[in-house]
Amino acid sequence: MEILNILVYNLVMKKILTLLIISTIFLGTSANAEPIKLPWKKEVQQTTVDPVSEQAKAFYAQNEIDEALKLLQGKSEESRSAEDWLLIGNILQDKDKIDEAIYMFKRSIEKDPKFYKAHYNLGYIYLIQDKPNMALAEFKQTVKYKDDFAYGYYNMACAYLKLKQYRNARYNFFRAMDLKGNDPNIYYNLAYTFKMLNKEKQSKIYLDIYNKMIESKY
């Protein structure tokens, strides 16, 4: 019976490795947090409202992305805010125009170097393009300017996994877990990380937590 349990556990861990590899290659899979989408909550400190930008965000929320893009393209480049450039980038990414989206996210950062949302979305693209070092640079900026943003740490950990820097990955998964402990994907990837660190006992602990969280949803 003990031998059978070991064989079953090894099969589960092989499945984890396979799923992790697949999930870090394809866009929209659970291993990577999704890029930030507009609209988000209006900041309390905001004192002026641009009606064109607000209408564009409303169109985007209704999935009328062409109308949103038309409105934002009608604004002069000088008058576009960092959020405007970010939204244009989101729209172009939705249209699979990735190179153009990257350019827009960079313009957003030029407008406001501390705009963590633009750093995050740019890092996300680099991560799914299998450019982990470039992704790391952006995620580090993300958490520098938004140190309580769980998915900044989460995706930083995913980038470290791609680089096989498992201790750094473990640290950042724990930071993400402290901020958003109800996301089962964190525990799933922690199980894999501990597996790669040859910590079988800890790996099984986090795998069990992941399985219980998934079961509780059904």
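Chains are numbered independently. Their residues run from 1 in the order of the written sequence. Local features in this predicted model are restricted to residues of pLDDT 70 or higher, and side-chain atom pairs are both shown and tallied only at a pLDDT of 80 or more, whereas totals for entire chains, interfaces and linings draw on every residue. Each side-chain value is derived from all of the structure's non-hydrogen atoms; neither hydrogens nor water enter the calculation.

Participant: What's the story with the nonpolar core in this structure? I'm lost.
Facilitator: Nonpolar side chains in soluble globular proteins tend to be buried together. The nonpolar core is taken to be a set of buried Ala, Val, Leu, Ile, Met, Phe, Trp, Tyr and Cys residues, with the residues joined through side-chain atoms within 4.5 Å. Buried means the residue's accessible area, taken with a 1.4 Å probe over protein chains only, is under 20% of the maximum for its type, while exposed means over 50%, and partly exposed covers the values in between. Ranked by size, the top nonpolar core spans 58 residues in total, and within it I88, I91, Y154, F173, I186, L190 and Y206 carry the most contacts. A run of DSSP states H or I qualifies as a helix once it reaches four residues; a run of E qualifies as a strand once it reaches two. Both are numbered from the N-terminal end. If one sorts the elements of this core by residue count, helix α8 (residues 150-162) sits on top with 8 residues.

Participant: It is not clear to me how unusual backbone geometry should be interpreted in this structure. Could you clarify?
Facilitator: Despite not being glycine, D96 shows a phi value in the positive range, around 65°. Tracing the backbone through its elements, the reader meets D96 in the loop between α4 (82-94) and α5 (98-111). What makes D96 exposed here is its relative accessible area of 61%. Despite not being glycine, D130 has its phi angle at roughly 60°, a positive value. Mapped onto the elements of the fold, D130 is located in the loop between α6 (116-128) and α7 (132-145). For D130, a relative accessible area of 51% puts it in the exposed group.

Participant: What should I look at first to understand the confidence of the model for the chain in this one?
Facilitator: Confidence of the prediction at every residue is given by pLDDT, a number between 0 and 100. With 78% of its residues at a pLDDT of 70 or more, the chain has an overall mean of 85. Note on contacts: a residue pair qualifies if any of its non-hydrogen atoms lie within 4.5 Å across the two residues. Throughout residues 1-30 the model reports pLDDT below 50, and contacts reaching past four residues in sequence, or to other chains, amount to 37 contacts. Confidence drops under a pLDDT of 50 for residues 38-47, and excluding neighbours within four residues, the segment shows 14 contacts in the predicted structure.

Participant: Would you take a moment to explain the packing of aromatic side chains for this structure?
Facilitator: Geometry of an aromatic ring pair is reported as the spacing of the ring centres plus the angle between the planes. Stacked, edge-to-face and tilted labels apply to pairs of Phe, Tyr and Trp rings (six-membered ring for Trp) whose centres lie within 6.5 Å, assigned for plane angles under 30 degrees, over 60, and everything in between, in that order. Enumeration according to the criterion identifies 10 aromatic pairs in this entry. Their ring planes at 65° and their centres at 6.2 Å tell us that F174 and F194 sit as a pair that is edge-to-face. Taken together, the residues span a long stretch of sequence, with F174 in helix α9 (residues 166-179) and F194 in helix α10 (residues 184-196) at a distance of 20 residues. Overall, the relative accessible area of 25% leaves F174 in the partly exposed class. A residue is classified by how much of its surface remains accessible, and F194, at 6% relative accessible area, is buried. Seen in terms of ring centroids, Y188 and Y210 are 4.8 Å apart; in terms of plane orientation they differ by 55°. Their pairing is tilted. Placement of the pair is Y188 in helix α10 and Y210 in helix α11 (residues 200-216), with a sequence separation of 22 residues. In this structure Y210 comes out as buried when scored by relative accessible area, which is 17%.

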